[in-house]
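# Observations on the three-dimensional arrangement
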Amino acid sequence: MDWLFFCLMNDNRPIGIFDSGVGGLTVANAIRQMMPNENMVYFGDTAHLPYGDKSPETIRYYAAGITKFLLSLECKVIVIACNTASANAFQTVVELAGGKVPVLNVVDPVVDFVIHSGNYKHIGVIGTKSTINSDTYALKIHREKPGIMVSSLATPLFVPMIEEGFIFDDISNAIIRTYLSRHELSDIDGLILGCTHYPIIKNQINKFFNFNVDIIDSAKVVAMALQKMLIQENLLNRAGVPGHKFFVSDITPSFRVISKMFFEQDVCLELKNIWEQNG
Ligand code: DGL
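Residues numbered from 1 in each chain as written. Predicted model: local features only at pLDDT ≥ 70, side-chain atom pairs only at ≥ 80, totals over all residues. Heavy atoms only, no water.

### Structural notes on the packing of aromatic side chains
Going through the model one piece at a time under the given rule, you end up with 12 aromatic pairs. The interplanar angle of 40° and the centroid separation of 6.2 Å between the aromatic rings of Tyr 42 and Phe 246 together place this pair among those described as tilted. Note that Tyr 42 is positioned in strand 2 (residues 40-44) and Phe 246 in strand 9 (residues 245-248), a separation of 204 residues in sequence. One aromatic cluster is present, built from ring pairs that chain together Phe 43, Tyr 51, Tyr 61, Tyr 62, Phe 69, Phe 247 and Trp 275. Above the plane of the ring of Phe 263 lies Arg 32, whose end atom (NZ or CZ) is 4.7 Å from the centre. (Phe/Tyr/Trp six-rings, centres within 6.5 Å; stacked < 30°, edge-to-face > 60°. Helix = DSSP H or I, 4+ residues; strand = E, 2+ residues; numbered from the N terminus. Lys NZ or Arg CZ within 6 Å of the ring centre and 35° of its normal.)

Here you go:
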């Protein structure tokens, strides 16, 4: 009887998810594929992009505004689909959620994956300046497995490059080659894409390493961690017809193009200045 009751439980409140721009769409897309019944509210903070060169205080301020907005829409969980915000503002988001709404960041599931499922000796991490300066991946990996060597490299041109649509051309190839040939990344056996924008250029990164390095893409790993969290907290939407909402702080052509790439249709974007109304 309890089991029947459990199976009938259905939480159709949306999953709140945010990033500075299109990067979090890689996570949203993985969530949609793994949990097709779920509704999502996505916030892309395109007006403040990139987060990667902002101070931790500024990133926390932006993240706090978005969190209040997502909570006002009764989201059942908040996914910080941005490494930079995960590294700098996780605690801020957790405090605002006040223990009522669970919060998932993108760093912990990837660290867990590296620690438990791989036999890695030397891991590379690429990310924004802010994520790399925070040293969050190395600190978390070493807490559990001090034997893994971690080499981190900031690759700040990748986000503007992707947001500007330079993905499969000579410009992107030159930037990718220049960063990935740096000595920090020689002899690695795994590479963490420590920015949610980077899965968009995963094929090119794979090709650079001749498919000899495991490219660890946070999107699928985070979607799996979210599914586990929703099951544990009894928050799954088992029978819904999904309807996603997309909010941005500035309407940009690249958001339109990339959201269409993932969601195979024109996504209806709503412009929102949440910081003024949230105070
Ligand atoms: N997608 C983001 C991340 O995972 C942020 C990139 C940026 O805005 O600099 O870090």
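Additional details are given in the paragraphs that follow.
### Digging into helix 9 (residues 170-180)
Buried within helix 9 we find Ser 172, Ile 175, Ile 176, Tyr 179 and Leu 180. Buried positions in helix 9, seen along its axis, are confined to an arc of 115° and lie on one side of it. Among the exposed residues of helix 9, those pointing more than 90 degrees away from its buried face are Asp 170 and Thr 178. At its buried positions, helix 9 is contacted by strand 5 (122-127), strand 6 (149-154), helix 8 (158-163) and helix 10 (202-208). (Buried < 20%, exposed > 50% of the residue type's maximum accessible area, 1.4 Å probe, protein only. Arc of directions from axis to C-beta. Contact = heavy atoms within 4.5 Å.)

### Regarding the sheet that holds strand 9
One open sheet holds the six strands; their spatial order is 4-3-1-2-9-10, and the pairing between them is parallel. Here the strands that pair on one side only, and so sit at the sheet edges, are strand 4 (103-105) and strand 10 (269-271). Neighbour to neighbour, the strand axes of the sheet diverge by 20° on average, direction disregarded. The pairing of strand 2 with strand 9 spans four bridges and is parallel. Looking at the pairing, Gly 44 lines up with Val 248 of strand 9. Against the sheet, helix 4 (residues 83-97) contacts strand 1 (15-19), strand 3 (77-80) and strand 4, and its axis sits at roughly 180° relative to strand 4. (Pairing = 2+ DSSP bridges. Axes fitted to C-alpha atoms, helices over the stretch in contact; angles between N-to-C directions.)

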